[in-house]
Amino acid sequence: MTMRATRWIRLGLLGFLALGISACDYFRPAEPEPPSTSTSFLPDYSSPDSTLATIAKALADKGRTIGATAYAGALAESLSGSLPGYHQLFWPQDVADWNRIPPGDWNFTLEQTFYTRFIRVLPNAYYMEWAPDPQHPDNIGANAATMSRHYLVTAHAEDGTLTSYIAIGFADLTLLRFPDGNWRIVRWEDRRDPDANPTDTDQVTLGMRRLNSI
Amino acid sequence: MLLRKLSLVLVPMLLLAASVLPGRAQEDKTGRYAFADTTLLRDTLGLTFGGLFRLADSLEIAPDSLRAHSIRYRLALPRLLVLADSMHVRVDSVGLTLVRERFNPLAAQGAAVNDFSYNTTYNLLQTRSSWLNAADYNFVYGPLFIRNVTTIQLDRLETGNATSLWQARESNTEGGWRLTPNYSLGARAVLNRFDTDDPSTITSVGEKRNEYQLSLRTRQRPSPTMNSELNFFAGALELRNTEQEKHGWSSEVNGRFRQAAGVWFVNELTGRATASQSRVLLLPSLNNTNTHDLTGNLNGNMSLFNSSRVGFKSNYSVVGNDVGQPNTAKGVIERLSSNRAAIDGALRTRLGPEGYFSVTQNFAHSVNITALNGSTDRNTSGTLLELRTTYRGWGIEGRFSSDLGRAESPELSSTGGYGENSNLRNLEGSMSRRLFGHLDARINARIGLNSYRYHVIGAYPTPPVSRDQAQQSYLIDGTYVFTSDFNSGLLLEVARNQLVNIPSASTSANNTLRSYRAEWRWTYRLLQGLTATQRNTLGANYTSYNFLTGADRVALDYGTLTTLNAVLTPRLSIDLTHSGQVQPSGGWTRQDDGTYVFQPADESRIFSLSSRFQYTPSPIVSLSIIPSYRSTTREGNLNGVTTPQRDNRNLTFQGNANLNLPIGRRGTLSGSVGRQYYADRSREFPSGVPTPSPLSELDYWTGSLQFSWKP
């Protein structure tokens, strides 16, 4: 190796070293603003229906305030430890249309990632509605509940007009009441709504949105 | 049902009479490439890839890209290099140049040509099949030339009980007369058809487009160092679909220019521009209007002193589009336009026989205007420093990149939009060498920061959250080669990732993820033709939330993977793989005395057993059978009591036959065909009572076969 090449190597190495050392601040993330003491909404998991209402508020929040944390808090396993896990089951036709083998277990971690992606599907404001499913009555006990709900997630312009559908379907849910008194979802079984318009590609289940978020 | 399952085995057996895909790896023996992806070295389609990494390094091209070019054009690496040298083009341009010149009427040198090639490809998936046919005919007799390129793609999609068709046909025919060796005059017809009967639409959708044009091809060679081509096409245009009926004129200009001076200067330029002016009848409103479309692109690259110690390369491109698109609801033509200009320059110097140091700077500007989101204006610039060399036996690689971006989308809503400023920085270095004659060692370190800042333009309710994402990691890897039959390695990787949301309203999600991973692996050749490999891993991910108390979590991961590879005969090999993984997770709680304790929440145990039988009876066919079984059990821990939550078992069975079969002297049949079977069953435990789910099964054919014929 020539002296000239050796000099180049040393210069290059020194350059990288200098860059690395002087770059401590260059690679340091910014200081965030102090946490806000006021939040846009208060998560409430005191009953199965209030847990579902919290999910609707978390989607409407779109991650601007405590949406992500509130959404995670509605699902079992969550952040408080010592809890059983959350599992989502897909509607078979959604899996067939997706045309790939889905994850073996759609769990809490995947659901958290889904939230961050789902809220970016459209820039508009989101609105979620839960409605009872008359064909499947609720069975709510002291510490466990099974209930079926119809859900509809829509996007709206600033003046409130409906711009598009985002998700529509049924959810067969199992919730457990944990020692802290909060109800959390341990099982979400997705079903297609037969009244959804098949020609509207936005009228898909949340399960399909979950698959598409991978 | 029995017959269906039997076919998984029978199909490969029936196809036994046919070939081979050898999958033998050829490893580089130097320490520098000890950690490279050796699967890239596997022989395929009669091609070998010995010396791939060293060659890719010297050509400054990614090894997988070099391999892909070699396979696509069926050219062995040495042949690819010889052609690149003789044609004075880059290695990645050899294939394109060969195809272009083969069908250039001005390139015919007097001899009569009557070429025909045909390719057909059939792809089969679970709910979709696709059949592509492509024919290419070239006839030259004296000054007369005729060329036809036809492609037909037929797709079938199954949704529920319905099957929909998607069909696209395209034919491009040109005939003409070569007036002089550098000029030809002729005509061409470009015909496109598209049809689909998607059940989600009430009526079938189709499009018919015809263009009939006069053609003028020219070639110039003003000096021995310069050559160029310039082609003109102009004529009538007709387009019909469910949205519009269009009649008018269209034209196209395309060309290329190359200038070379000795071995120190090469400049290549290609470009294409199209324009059309039409009268449009919009459907269903029946509004009549005039419209025009303009598209163009210009791409070039220049290299200075490419084979010298210090050289310079630059790529530049300009793309512009301004086209009209019918809005059937409003009955008007909406304009869509986009423009992009980009340039980069790389100054490179060689360091030793295999190394280099380069500095690259790039700039790009783009404007996109769409009916849905209005205009988006983006400016980016980036700097990249790369170092790759050997120094006293060490292979050294370094890389620093900094990318700045500024984008504004002010018309996302009727009242405004938002802008984004991004700053992505990354510094990475690694060193590797063989120590003491037996130890292949590698050290890698990386640090990076991605910053995104958003500002509202006008009024916009939901801009993304301004944030920083920081990453740091280092990795130490070593493999000790005891003998040619036995080696063992250790790896340690530590990483730290931070998410920092800046606005106070979003800081509750701020967190730091610390990851630790250790691995011990060994490979031992037990017998001639029988090798055992084991990989044991330990991992832990700690997530701590900066502004949420009691929310910290930990996820642990213990895994082991054991593989037995048996080569029973030169044509028959069997692989057996067993893996086990235990993943407890739960809360990571800080106690009053400052210590942290793990509060188990749940635990997954995943075990799988798979095998692969590969039989290669001849160089033209290979058969593989891959059964695998996987078991997943998940338990939850509530108040110190462990209860089952869910268990799942699934079985997958794949049978495949790979072909590379010569048909006569001019045809080749290649690809694969196989069958997949998948069965899955789960049990849930609501209130501790096991509730099994119905058995779920998938059973379908897959395949991709390609037949090509050329004289």
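On a predicted model such as this, the values are computed, not experimentally measured, just so you know.

(A) Representation of the overall build of chain A in the model. Looking only at helices and strands, chain A features six helices and six strands. Within chain A, buried positions represent 48% of all 214 residues. For chain A, the proportion of contacts with a sequence separation of at least 24, taken over those separated by at least 6, is 61%. When the accessible surface of chain A is split by element, carbon and sulfur atoms take 57% of a total near 10,100 Å².

(B) Just the pairing of strand β16 (residues 416-435) of chain B, in detail. All names here are of chain B. As paired strands, strand β15 (residues 394-409) and β16 are joined by 15 bridges and run antiparallel to one another. When the bridges of β16 are listed, Ser 401 appears paired with Asn 426. Here β15 folds back onto β16, and the loop between the two strands holds six residues. Inspection of the sheet shows β16 paired to strand β17 (residues 439-458) by 20 bridges, in the antiparallel sense. Paired with Tyr 418 across the two strands is Val 456, which belongs to β17. Linking β16 to β17, which pair antiparallel, is a turn of three residues; within it Phe 436 sits at a positive phi near 50 degrees.

(C) Up close: the side chain of A:Ser164. Residues and elements named next belong to chain A. Mapped onto the elements, Ser 164 comes out in strand β5 (residues 162-177). With a relative accessible area of 15%, Ser 164 lands in the buried category. Residues within four places of Ser 164 in sequence aside, it is in contact with Leu 122, Thr 154, Ala 155 and Asp 202.

(D) Up close: the pairing of strand β9 (residues 265-282) of chain B. Residue and element names in this part refer to chain B. Pairing of strand β8 (residues 244-261) with β9, which is carried by 18 bridges, proceeds in the antiparallel orientation. Its bridge partner lying in β9, Ala 261 is registered against Phe 265. Turn length for the β8-β9 hairpin, with the two strands adjacent in sequence and antiparallel, is three residues, and the turn residue Gly 262 shows positive phi of about 55 degrees. Pairing between β9 and strand β10 (residues 288-304): 17 bridges, direction antiparallel. Looking at the pairing, Arg 279 lines up with Asn 290 of β10.

(E) Main features of the confidence of the model for chain A. Of all residues in chain A, 82% attain a pLDDT of 70 or more, and the chain-wide mean is 81. Confidence drops under pLDDT 50 across residues 78-82 of chain A; counting only partners more than four residues distant or on other chains, this segment forms 22 contacts.

(F) Spotlight on the environment of A:Met128. With respect to the secondary-structure elements, A:Met128 resides in strand β2 (residues 125-132). Here A:Met128 is in contact with A:Ile55, A:Ala56, A:Leu59, A:Tyr151, A:Leu152, A:Val153 and A:Leu206, once residues within four sequence places are set aside.

(G) Geometry of unusual backbone geometry. All names here are of chain B. One non-glycine residue, Leu 286, lies in positive phi territory at about 65 degrees. Looking at the secondary structure, you find Leu 286 in the loop between β9 and β10. Unlike most non-glycine residues, Phe 436 shows phi in positive territory, near 50 degrees. Within the element layout of this structure, Phe 436 appears in the loop between β16 and β17. We classify Phe 436 as exposed; its relative accessible area is 71%.

(H) Representation of helix α2 (residues 48-61) of chain A within the structure. All names here are of chain A. Helix length check: α2 (14 residues) gives 20 Å between terminal C-alpha atoms against 20 Å at 1.5 Å per residue, within 8%. The buried fraction of α2 amounts to 10 of the 14 residues, a majority that puts the element mostly inside the structure. All buried positions along α2 are accounted for by Pro 48, Ser 50, Thr 51, Leu 52, Thr 54, Ile 55, Ala 56, Ala 58, Leu 59 and Asp 61. Once α2 ends, the next one or two residues include Lys 62, with phi positive near 55 degrees.

(I) Examining the pattern of salt bridges more closely. Residues and elements named next belong to chain B. Scanning the model with the defined rule gives 36 salt bridges over all chains in all. For the salt bridge of Glu 174 with Arg 217, the shortest nitrogen-to-oxygen distance reads 2.7 Å. Residue Glu 174 is located in strand β4 (residues 162-180), and its partner Arg 217 is located in strand β6 (residues 205-223); the two are separated by 43 residues in the primary sequence. Judged on exposure class, the residue Glu 174 and its partner Arg 217 are both buried. Residue Arg 240 pairs with Glu 238 through a salt bridge whose shortest N-O separation is 3.2 Å. Taken together, the salt bridges that share partners define one network made up of Arg 442, Asp 477, Glu 493, Arg 517, Glu 519, Arg 521 and Arg 535.

(J) Representation of the confidence of the model for chain B in the model. All names here are of chain B. Of the residues in chain B, 91% have a pLDDT of 70 or more, and the chain-wide mean is 85. Across residues 1-30, confidence stays below pLDDT 50; counting only partners more than four residues off in sequence or on other chains, it has 71 contacts. Interface confidence for the predicted complex, expressed as ipTM, amounts to 0.70; the pTM equals 0.74.

(K) How the structure looks around the packing of aromatic side chains. By the definition in use, this model includes 20 aromatic pairs over all chains. Ring centres of A:Phe90 and A:Trp106 lie 5.6 Å apart, and the angle between their planes is 85 degrees; on these two criteria the pair is classed as edge-to-face. Pair noted here: A:Phe90 is in the loop between β1 (87-89) and α4 (92-98) and A:Trp106 is in the loop between α4 and α5 (108-118), with a separation of 16 residues, a long-range link. The residues A:Phe90 and A:Trp106 share a single accessibility class, namely buried. Aromatic side chains A:Trp130 and A:Tyr151 sit 6.2 Å apart centroid to centroid with 75 degrees between the ring planes, which places their arrangement in the edge-to-face category. One end of the pair, A:Trp130, is in strand β2; the other, A:Tyr151, is in strand β4 (residues 144-156), and 21 residues separate them in sequence. Across this residue pair, the class does not change: A:Trp130 and A:Tyr151 are buried. Above the ring of B:Phe233, the side-chain terminus of B:Arg188 is found at 3.6 Å from the ring centroid. The ring of B:Tyr452 carries B:Arg467 above its face, with NZ or CZ at 4.6 Å from the centroid.

(L) Layout of α5(A). All names here are of chain A. Of the residues making up α5, those classed as buried are Phe 108, Glu 111, Phe 114, Tyr 115 and Phe 118. One face of α5 carries all of its buried residues, which in axial projection span an arc of 110 degrees. Buried residues along α5 sit in contact with α2, α3 (67-73), β2, β4, β5 and α6 (206-212).

(M) The packing of helix α2 (residues 52-59) of chain B against helix α3 (residues 63-72) of chain B, seen in detail. Residues and elements named next belong to chain B. Orientation of α2 relative to α3, taken along the N-to-C sense of each, is 105 degrees, at an axis distance of 9 Å. Considered as vectors, α2 and α3 are oriented roughly perpendicular to each other. Every residue of α3 that contacts α2 at Leu 52, Phe 53, Leu 55, Ala 56 and Leu 59 is listed here: Pro 63, Leu 66 and Arg 67. Taken together, the residues that form the contact of α2 with α3 break down as seven nonpolar, no polar and one charged.

Analysis parameters
Residues numbered from 1 in each chain as written. Chains lettered and ligands numbered in written order. Predicted model: local features only at pLDDT ≥ 70, side-chain atom pairs only at ≥ 80, totals over all residues. Heavy atoms only, no water. Helix = DSSP H or I, 4+ residues; strand = E, 2+ residues; numbered from the N terminus. Buried < 20%, exposed > 50% of the residue type's maximum accessible area, 1.4 Å probe, protein only. Contact = heavy atoms within 4.5 Å. Areas by Shrake-Rupley, 256 points an atom, 1.4 Å probe, with all protein chains shown as cover. Pairing = 2+ DSSP bridges. pLDDT = per-residue confidence, 0-100. Expected span 1.5 Å × (residues − 1). Salt bridge = Lys/Arg side-chain N within 4 Å of Asp/Glu carboxyl O. Phe/Tyr/Trp six-rings, centres within 6.5 Å; stacked < 30°, edge-to-face > 60°. Lys NZ or Arg CZ within 6 Å of the ring centre and 35° of its normal. Arc of directions from axis to C-beta. Axes fitted to C-alpha atoms, helices over the stretch in contact; angles between N-to-C directions. Parallel < 35°, antiparallel > 145°, perpendicular 65-115°, else oblique. Nonpolar A, V, L, I, M, F, W, Y, C, P; charged D, E, K, R; others polar.

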